[in-house]
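Working through the structure, step by step
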Amino acid sequence: MDESRNSTKLDIEGVRQQSATNDALHVECERKESYKKISDPDVNRNGFDGSSKSDHQQAINESLGMPRENGTGAKDGEEERMLNGGGVDGAIVRSDTEPTEKDRLAQKAVEVKFISPKNGDARIDMELEKQQSFTGMTKEELMKYANDPFWVRLRWLLFVLFWGLWVAMLLGSFYIIYDAPKCAAPVPLSWWQEGPLMEVTSERYGEQLLKAERYGAKGVIYQLPADQTYLVGTPAIQEQLKKLVTDFGSKNIKVIVDITPNYVTKNDSLFLDALDQQDSPAYRAFVWRKSGTTPPNWLSVLEPGKSAWETASNKQFVLSQFGPDRYDLHFGEQAARDKLKGTFRQLLDLGVRGFRLANAKHLLIDRDGVDEEPLNQDEANKALTLEQYGFWTHRETTYREGLGDLFHELSTFVHEQHEGDAFLSVNEYIHRPEVFTVNGTLPIDVPLYGNIEFDLRATAGPNGTMKLRHDIESAYRTISLYQEAGGKAWLQLHHNNTSLNASEWSIFHFLLPGVPVFPVDVLSNVSLESVELLEKFRTTASFQHGLFNVYNDANATAIAYTRLKSGNPGYFVVLNLAQGDHQTMADFSGIDGIGSELTVVLTSQNYAVPNIGVKSKVSVDAVPLSSMSGMIATYVPTK
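The structure presented is a predicted model; accordingly, all values stated were derived computationally and were not measured. (Residues numbered from 1 in each chain as written. Predicted model: local features only at pLDDT ≥ 70, side-chain atom pairs only at ≥ 80, totals over all residues. Heavy atoms only, no water.)

**A short note on empty space enclosed by the protein**
Going by this rule: Definitions used for this entry: grid spacing 1 Å over protein atoms alone; cavity, a set of points where a 1.4 Å probe fits but cannot get out; pocket, an open set with protein on both sides within 12 Å along at least 5 of 7 lines; lining residue, one with an atom within 4 Å of a point. Grid points are joined across faces, edges and corners, and a volume is the space filled by probe spheres set on the points. Only runs of H or I of at least four residues qualify as helices and only runs of E of at least two qualify as strands under DSSP, and these elements are numbered from the N terminus. Residue polarity follows a fixed list, in which Ala, Val, Leu, Ile, Met, Phe, Trp, Tyr, Cys and Pro are nonpolar, Asp, Glu, Lys and Arg are charged, and the others, Gly among them, are polar.
Under the criterion given, the structure shown has three cavities of 30 Å³ or more. Counted as a void, the second largest cavity has a volume near 70 Å³. Looking at the second largest cavity, the residues that line it are Y429, Y449, G450, I452, E453, L491, Q492, L493, H494 and H509. Those elements that provide at least two residues to the lining of the second largest cavity are α16 (452-455) and β13 (491-494). In terms of residue count, the dominant contributor to the lining of the second largest cavity is β13 (four residues). Grouping the amino acids of the lining of the second largest cavity by side-chain chemistry returns five nonpolar, four polar and one charged.

Structure below.
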């Protein structure tokens, strides 16, 4: 028992020696230290007084951790006091200052753990506490390097790099914003593109005015008698046109005039000048053949079987394709173009804001042309004869090269007169639009093109809907290629004796990319509410700037198209051309992005499906349709 106790104290003494030695070395390392006198109680407690040198030396030895026998002057609790920082270091205290961080780092505390083993012997486990973590250099140490040339240059280098990169990123962002492709704003529709346009006559202005206003017409078309085209400067014709412009202008409806520019009458001043002065500009404005020669076999356009040549008073043959005393102008000559421009200017001064030209394909003629050739067997109508106009090719008098340049000059003149408020178009179908192009563009505003009108006259059925879809897609694809940059494939959608009732015709045509053109009385049986709703749909972004796609249903009994602009509800227009009394369920689920449900917003007069009306929901894979009926629905696109 005593041996165990002595061995424990010996271990304590070894640790005391290690701790005291470290403290003594720390004391010696201090540069300047001030000490205060050890108090008497501490001296007496350690068994020596201040006057005894040997006792004082002994106290120092003990403070330095010299080994000694158990019980030599150490009172109860002294060993523990020394282990916890007592003794000399505990007695020597720096005056007026707190211990520095370095002092605290130099000290090491001892942690004593008493472990009771299973055999009953007590064991003490002692370990030094871990040193505190590294805290970096002090301010005084860092300031030593503040003016070091290397660090000064490095700081300036980093400073310049930082601001240089910052300025470069700023300039780069400006460049990206400036050089990034701009999203062009949608081009607003012109008034003649907004439509509809109605054809009026001169007999019933008052009644026609009320109907045009009721159906929201943006313009009315007046067909000037063909022989009056170059007589618009006469008082009687001017008075008539002024009244037309004034009456419809009071309702903010523009006036468009159909004119026939191809010829002048025998009393026209230009023709009289040509008779008097051969080889003059006036003479070259017409197509002549010398007397005594046989003119080519060209036929009259209006008089079947008759020659297109007439003998003038100067004994020469002059071209007269459109009837007696009507002499063709050759618009390859400046005198003929100037005469037509003069007519445009007079009509614009009267308030007219649009022109449609008749017989556009005849405006250029080969003055040295030869005999026409028959159509080939594939193109010819077997019922036609040599005396009929359709038997021949008419390559010398129609679709001549240069029509594009001519229309470009004329349309530019018209546009410049009223800063784009006026327009120039045609009133007949253009079957060869490539002839009218200039540098890949089509200088005709809202042309007439395609077979849509003709297809709707044909017998309905599966083949009818498939052909109609093909011709619609073909027409818009072709015209879109020829439109001027930034323009639209905007067609005149003409009504002329189609197989559809007015209600079905309007529902199907009003949302096609184009302007409906029809006689003023066509919509008499269509409700005002339906027309107003159609006009409202035409003002939306989906119609004016949206995408356009055409579809057939799964059974090819119906045709439909969609109008959609991103961020807006889409329009779904469907027409059933099947005849009979049965109801059809059309499946359009194959349309990409249409969703699964449609909301009905308008139906035609022939639509007679029970329990389906405005605001009804129908499934896209089972759209109920009556025979020869139409419907407009809206949908939320799925992507």
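**A few points about the side chain of D328**
This is how the line gets drawn: When a residue's accessible area, from a 1.4 Å probe over protein chains only, is under 20% of the maximum for its type it is buried; when over 50% it is exposed; and in between it is partly exposed. Asp and Glu are treated as the negative residues and Lys and Arg as the positive ones, with His and the ends of the chain left uncounted. Salt bridge criterion: a side-chain nitrogen from Lys or Arg within 4 Å of a carboxyl oxygen from Asp or Glu. Under the rule applied, a polar contact is a pair of N or O atoms within 3.5 Å (in protein, one hydrogen donor and one hydrogen acceptor; residues adjacent in sequence only if both atoms are side-chain atoms). What makes two residues a contact is simply this: any of their non-hydrogen atoms within 4.5 Å.
For D328, the location among the structural elements is in strand β10 (residues 326-328). The side chain of D328 sits in the buried core without any salt bridge; R326 is the nearest counter-charge, 9.4 Å away. For D328, the side chain forms a polar contact with the main-chain nitrogen of Q321, separated by 2.8 Å. The contacts of D328, once residues within four sequence positions are left out, are N262, Y263, A285, F286, V287, L319, S320, Q321, F322 and I365.

**Considering the pairing of strand β12 (residues 423-426)**
To keep things clear, this is the line we draw: Here, any two strands with at least 2 DSSP bridges between them count as paired.
Residues of β12 alternate between two faces, with F423 and S425 on one and L424 and V426 on the opposite face, all of them buried. Direction of pairing for strand β11 (residues 354-357) relative to β12: parallel, over a ladder of four bridges. Note on β12: the bridge partner recorded for G354 is F423.

**Concerning the packing of helix α14 (residues 334-349) against helix α15 (residues 403-417)**
How we decide: Comment: axis = line fitted to C-alpha atoms, over the contacting stretch for helices; angle = value between 0 and 180 degrees taken between N-to-C directions. Orientation labels follow simple angle bins: below 35 degrees gives roughly parallel, above 145 gives roughly antiparallel, 65 to 115 gives roughly perpendicular, and whatever is left gives oblique. By the definition used in this description, the sense in which the near helix is turned from the far one sets the handedness, with an anticlockwise turn below a right angle giving left-handed and a clockwise turn giving right-handed.
Running from N to C, α14 and α15 point in directions that differ by 30°, and their axes come no closer than 11 Å. When the interaxial angle is binned, α14 and α15 end up roughly parallel. Note on packing geometry: the crossing formed by α14 with α15 is right-handed. On the side of α14, the interface is formed by Q334, R337, L340, K341, F344, R345 and L348, while α15 contributes L406, E409, L410, F413, V414 and Q417. Class assignment of the residues belonging to the contact of α14 with α15 gives a composition of seven nonpolar, two polar and four charged.

**Structural notes on α14**
Two residues of an α-helix separated by three or four positions point the same way, owing to the 3.6 residues in each turn. How we decide: To estimate the expected span of a helix, count its residues, drop one, and scale the result by 1.5 Å.
With 16 residues, α14 should cover 22 Å at 1.5 Å per step; its first-to-last C-alpha distance of 22 Å lies within 8% of that length. A positive backbone phi angle near 110° is found at G351, which sits one or two residues after α14.

**Description of the side chain of N576**
Looking at the element boundaries, N576 is found in strand β17 (residues 570-576). In this structure the side chain of N576 is engaged in a polar contact, spanning 3.2 Å, whose partner is the backbone nitrogen of A578. Once residues within four sequence positions are removed from consideration, N576 is found in contact with T557, A558, T584, L625, S626, S627, M628 and S629.

**Brief notes about the packing of aromatic side chains**
Which entries qualify depends on this criterion: Within 6.5 Å between ring centres, the rings of Phe, Tyr and Trp (the latter by its six-membered ring) count as paired, and their orientation is classed by plane angle as stacked under 30 degrees, edge-to-face over 60, tilted in between.
One pass over the full model with this rule turns up 28 aromatic pairs. Between W191 and W192, the ring centres sit 5.8 Å apart and the planes meet at 90°, which makes this aromatic pair edge-to-face. Under the relative-accessibility criterion, W192 is labelled buried at 7%. Each ring, one from Y399 and one from F436, has its centre 6.2 Å from the other, and the planes form 85°; the classification is edge-to-face. Within this pair, whereas Y399 is found in the loop between β11 and α15, its partner F436 is found in the loop between β12 and α16, the two being separated by 37 residues in sequence. Residue classification places Y399 among the buried positions, given a relative accessible area of 13%. Given the relative accessible area of 1%, F436 is considered buried.

**Description of the pairing of β17**
Taken residue by residue, a regular strand's side chains alternate between the two faces of the sheet. Across the seven residues that make up β17, a large majority, seven, are buried. The alternating pattern of β17 places G570, F572, V574 and N576 and Y571, V573 and L575 on opposite faces, both of which are buried. Both strand β16 (residues 558-564) and β17 contribute to a ladder of six bridges, which runs antiparallel. Among the inter-strand pairings, T562 is bridged to a residue of β17, identified as F572. Taken together, the seven bridges between β17 and strand β22 (residues 629-635) define a ladder with antiparallel strand orientation. In the sheet register, L575 faces β22, and the bridge partner there is G630.

**Quick word on the sheet that holds β16**
In a beta sheet, neighbouring strands are held together by backbone hydrogen bonds and run either parallel or antiparallel to one another. Read from one edge to the other, the open sheet built from six strands follows the order β15-β16-β17-β22-β19-β20, with strand pairing classed as antiparallel. The sheet terminates laterally at β15 (547-552) and β20 (617-619), the two strands that pair on one side only. Taking each pair of neighbouring strands and ignoring which way they run, the sheet shows an average axis angle of 30°. Each of β16, β17, β19 (597-603) and β22 touches helix α18 (residues 502-509); the most contacted strand, β22, lies at about 30° to it. Here helix α19 (residues 528-538) sits on the sheet in contact with β17, β19 and β22, set at roughly 130° to β19.

**Regarding the UniProt feature "transmembrane region" (unreviewed entry) in the protein chain**
Where we set the bar: UniProt positions are given in the numbering used here, feature names are shortened, and annotations may be inferred rather than shown by experiment.
The sites that carry the UniProt feature "transmembrane region" (unreviewed entry) are, in the present numbering, residues 156-178. Along residues 156-178, the helical share is 100% and the strand share 0%, with 33 Å between the first and last C-alpha atoms.

**Things to note about unusual backbone geometry**
A cis amide bond links G195 with the next residue in sequence, P196, at an omega value of 0°. Its place among the elements puts P196 in the loop between α9 (191-194) and β3 (197-200). Located in the positive-phi region is N359, a residue other than glycine, with phi close to 55°. By the secondary structure assignment, N359 is in the loop between β11 and α15. Here A556, not a glycine, exhibits a phi torsion of approximately 60°, which is positive. By secondary structure assignment, the location of A556 is in the loop between β15 and β16.

**So, the environment of T201**
Position of T201 relative to the elements: it lies in the loop between β3 and α10 (205-214). Residues T201 and V520, 319 residues apart in the sequence, show an inter-C-alpha distance of 9.0 Å. Of note is the side chain of T201, whose polar atom sits 2.8 Å from the side chain of Q208.

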